Amino acid sequence: MKRVLHTLFFSGLVFSALAQETPQANLPRIKLQAGMHQIDTQVAQTPDQRSMGLMFRKEMPLHEGMLFVFEQPAKQCFWMKNTLLPLTAAFVGDDGTIVNLVDMKPQTTDSHCSEKPVRFVLEMNQGWFAKKGLKAGSRLIGVVFKP
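What you see is a predicted model, and the numbers here were worked out from it, not measured in a lab.

Trainee: Teacher, can you tell me more about the state of the cysteines here?
Mentor: Working definition of a disulfide: a covalent bond connecting the sulfur atoms of two cysteines. This model, assessed by the stated rule, comprises one disulfide. Note that cysteine 77 is cross-linked by a disulfide to cysteine 113, the S-S spacing being 2.0 Å. Judged by the sign of its S-S torsion, about 110°, the cystine formed by cysteine 77 and cysteine 113 is right-handed. On the criterion of sequence distance, the pair formed by cysteine 77 in strand β4 (residues 77–78) and cysteine 113 in strand β7 (residues 112–113) is long-range, its members being 36 residues apart. By relative accessible area, cysteine 113 is classed as partly exposed at 24%.

Trainee: Quick question: what am I supposed to make of the environment of asparagine 100 here?
Mentor: Of note, asparagine 100 is situated in strand β6 (residues 98–104). Note: C-alpha distance between asparagine 100 and alanine 89 (11 residues apart in sequence) is 8.3 Å. Beyond its immediate chain neighbours, meaning those up to four positions away, asparagine 100 contacts Ala89, Ala90, Phe91, Cys113, Ser114, Glu115 and Ala136. Within the structure, the side chain of asparagine 100 is placed 3.0 Å from the backbone nitrogen of glutamate 115, a separation counted as a polar contact.

Trainee: Which parts of the structure should I look at to understand the packing of aromatic side chains?
Mentor: The tally for this structure, following the rule as stated, stands at five aromatic pairs. Between phenylalanine 120 and phenylalanine 145, the aromatic rings sit 5.0 Å apart at their centres with planes inclined by 75°, giving edge-to-face as the arrangement. Of the two residues, phenylalanine 120 is situated in strand β8 (residues 118–125) and phenylalanine 145 in the segment after β9 (140–141); the sequence distance between them amounts to 25 residues. Exposure class is identical for phenylalanine 120 and phenylalanine 145. Each is buried. A network of ring pairs unites the aromatic residues Phe68, Phe70, Phe78 and Phe91 as a single cluster.

Trainee: What exactly am I supposed to notice about the pairing of strand β5 (residues 87–92) here?
Mentor: Looking down a regular strand, the side chains alternate between one sheet face and the other. In terms of residue burial, β5 counts as a mostly covered element, since six of its six residues are buried. Burial along β5 is two-sided: Leu87, Ala89 and Phe91 and Thr88, Ala90 and Val92, pointing in opposite directions, are all buried. Note: β5 against β6, six bridges, orientation antiparallel. Residue phenylalanine 91 lies in a different strand from β6, and its bridge partner there is asparagine 100. Following β5, the chain reverses through five residues before pairing antiparallel with β6; glycine 96 in that reversal takes a positive phi of roughly 95°.

Conventions we followed
Residues numbered from 1 in each chain as written. Predicted model: local features only at pLDDT ≥ 70, side-chain atom pairs only at ≥ 80, totals over all residues. Heavy atoms only, no water. Disulfide = S-S within 2.5 Å. Helix = DSSP H or I, 4+ residues; strand = E, 2+ residues; numbered from the N terminus. Buried < 20%, exposed > 50% of the residue type's maximum accessible area, 1.4 Å probe, protein only. Contact = heavy atoms within 4.5 Å. Polar contact = N/O pair within 3.5 Å; in protein donor to acceptor, adjacent residues only side chain to side chain. Phe/Tyr/Trp six-rings, centres within 6.5 Å; stacked < 30°, edge-to-face > 60°. Pairing = 2+ DSSP bridges.

Next up, the structure:
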């Protein structure tokens with residue numbers, strides 16, 4: 001009996017470790033618009049979804065991103081631990097206005113923060129915003145933003 005319990009416990013640890021190294025899937029999706037550009041975003045809205053973010057993802061289509069939604073505006077800070085893709089984070093106000101953009105290097109624990117309190121952070125492939133001419137002050141449109 002003791003051996004069976006030990007085996008089950010060890011198997012659970014291995015399964016748990018393996019599960020933590022796979023990207024999250026099946027998050028809700030919404031469309032955002034940035035000028036004439038449409039973005040297909042996965043929405044991370046629970047603490048667990050936000051903490052996992054885009055970790056372990058090996059690729060992301062060009063017009064896809066992840067929108068992190070927080071309950072209250074606050075200074076939001078992100079890092080790239082276990083994140084394999086170079087990303088740009090757009091810190092976004094309630095009305096969809098980009099407060100600031102930060103390029104983030106993969107697999108680092110450097111902290112990247114919003115310049116003002118925000119409830120939304122949109123992560124895209126690094127350089128996406130620059131290639132589209134979007135910068136601080138540009139506006140995103142979507143159902144989550146107040147007009």
